[in-house]
Amino acid sequence: QVQLVESGGGLVQAGGSLRLSCAASGHTFSAYDMGWFRQAPGKEREFVGAIRWSGISTYYAESVKGRFTISRDNAKATVYLQMNSLKPDDTAVYYCAAGPLRMWPAMSVSGYDYWGQGTQVTVSS
């Protein structure tokens, strides 16, 4: 079992930045690839990006490529999502997820076994 807790969400103006954190506890953090997803009201949960267990490889959705950066600190059992140049369309609840090392990159919800509770990000125009 892995428990995930996101933090860092909030309200920001368009063009601003936020950094989300996801703290993990339970099983060995470095045994998992980590993903970030988001879900806007009335929409399906969508893939944002992922980072390999080692931190060496990352993969991003086209909609955030060049604006968002994922990193991880295995010693702190934490994964981060740095979001720059935010747009109103980025408004959503953001979730981190942990997935076993079976497929890379895992871009679907089914590729992850554990999920955080989510943190709200609101970008005003």
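Going by the structure above, here's the rest.
Keep in mind the model is a prediction, meaning the values are calculated, not measured. (Residues numbered from 1 in each chain as written. Predicted model: local features only at pLDDT ≥ 70, side-chain atom pairs only at ≥ 80, totals over all residues. Heavy atoms only, no water.)

Go over the pattern of salt bridges with me, naming the residues and quoting the values.
Taken as a whole, this structure holds 5 salt bridges when the rule is applied. The salt bridge partner of Arg38 is Asp90, with a shortest N-O separation of 2.8 Å. Pair noted here: Arg38 is in strand S4 (residues 33-39) and Asp90 is in the loop between strand S8 (78-83) and strand S9 (92-99), with a separation of 52 residues, a long-range link. Under the relative-accessibility criterion, Arg38 is labelled buried at 6%. Under the relative-accessibility criterion, Asp90 is labelled buried at 1%. (Salt bridge = Lys/Arg side-chain N within 4 Å of Asp/Glu carboxyl O. Helix = DSSP H or I, 4+ residues; strand = E, 2+ residues; numbered from the N terminus. Buried < 20%, exposed > 50% of the residue type's maximum accessible area, 1.4 Å probe, protein only.)

Kindly report on the packing of aromatic side chains, identifying the contributing residues and their values.
Any pair of aromatic rings gets described here by the distance separating the centres and the angle formed by the planes. Applying the stated criterion across every chain yields a total of 6 aromatic pairs. For the pair Phe37 and Phe47, a centre-to-centre distance of 5.6 Å together with 75 degrees between the ring planes defines the contact as edge-to-face. In this pair, Phe37 sits in strand S4 while Phe47 sits in strand S5 (residues 46-51), placing the two residues 10 residues apart along the sequence. For Phe47, a relative accessible area of 10% corresponds to the buried category. An aromatic cluster is present here, built from Phe37, Phe47, Tyr59, Tyr112 and Trp115 joined pairwise through their rings. Positioned above the aromatic ring of Tyr95 is the side chain of Arg45, whose terminal nitrogen or guanidinium carbon lies 3.7 Å from the ring centre. (Phe/Tyr/Trp six-rings, centres within 6.5 Å; stacked < 30°, edge-to-face > 60°. Lys NZ or Arg CZ within 6 Å of the ring centre and 35° of its normal.)

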